[in-house]
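Next come the chains, spelled out residue by residue.
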Amino acid sequence: MISERAAFYFNDILDHLTRIIELSESHRDTLITALEVYYSRVSTRTNDIIRVLTLFTVILMPPTFLVGLWGMNFRYMPELSWKYGYILFWVVLVGVTASMVYYFRKKKWF
């Protein structure tokens, strides 16, 4: 039903369509790879942000505990009657915080 001349053109159309399909599949693979790279970058950035927030939380947790402990108005706390109780509090607070920052820097987390 199809003449030889028309079959030649249909083969040419088939060849063009095959190339277009292969080109679209190539573009699809490129886009999928680009999306994977983007998602990986977003995931890495999110992990960095979470790491920094966790470090701040861990560094501020001991001072918060110590402030809460010494902030309670107990009647028989030895530090209340000491002359240098307030200074001792600040030395302990700064010492704990500085030691944690030193540890995190040594581990290269900070």
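Residues numbered from 1 in each chain as written. Predicted model: local features only at pLDDT ≥ 70, side-chain atom pairs only at ≥ 80, totals over all residues. Heavy atoms only, no water.

1. A look at the overall build of the protein
The helix and strand inventory of the protein stands at three helices and zero strands. Secondary structure elements of the protein, listed N to C terminal, follow the sequence α-α-α. Taken over C-alpha atoms, the radius of gyration comes to 34 Å for the protein, far larger than the 13 Å a tight globule of 110 residues would show. With respect to the three principal axes, the spread of C-alpha positions in the protein is 110 × 30 × 10 Å. Burial analysis of the protein (110 residues in total) assigns 10% to the buried set. Restricting the contact set of the protein to residue pairs at least 6 apart, pairs at least 24 apart contribute 52%. (Helix = DSSP H or I, 4+ residues; strand = E, 2+ residues; numbered from the N terminus. Rg over C-alpha atoms; globule rule 2.2 N^0.38 Å. Buried < 20%, exposed > 50% of the residue type's maximum accessible area, 1.4 Å probe, protein only. Contact = heavy atoms within 4.5 Å.)

2. Brief notes about the pattern of salt bridges
Taken as a whole and judged by the stated rule, the model has three salt bridges. For the salt bridge of Arg28 with Asp29, the shortest nitrogen-to-oxygen distance reads 4.0 Å. For Arg28, a relative accessible area of 47% corresponds to the partly exposed category. A salt bridge links Asp48 to Arg51, with the shortest nitrogen-to-oxygen separation between them at 3.9 Å. Taken as a pair, Asp48 and Arg51 lie in helix H1 (residues 4-71) at a separation of three residues, close to a single helical turn. Arg51 sits in the partly exposed class, given a relative accessible area of 42%. (Salt bridge = Lys/Arg side-chain N within 4 Å of Asp/Glu carboxyl O.)

3. Section: the environment of Ile32
You can see Ile32 is positioned in helix H1. For Ile32 and Tyr86, which are 54 residues apart along the polypeptide, the C-alpha to C-alpha distance reads 61 Å.

4. Quick word on the packing of aromatic side chains
In the structure shown here, the tally under the stated rule is six aromatic pairs. Aromatic pair Phe89 and Trp90: ring centres 5.4 Å apart, planes at 75°, arrangement edge-to-face. Between the aromatic rings of Tyr103 and Trp109, the centroid separation amounts to 6.1 Å while the plane-to-plane angle is 85°, which identifies the pairing as edge-to-face. Aromatic rings pair up to connect Tyr103, Phe104 and Trp109 into one cluster. (Phe/Tyr/Trp six-rings, centres within 6.5 Å; stacked < 30°, edge-to-face > 60°.)

5. A look at the confidence of the model for the protein
Mean pLDDT over the protein works out to 89, with 97% of the residues at or above the 70 mark. The lowest-confidence element of the protein is helix H2 (residues 78-81), averaging 71 in pLDDT; the highest-confidence one is H1, averaging 93. (pLDDT = per-residue confidence, 0-100.)

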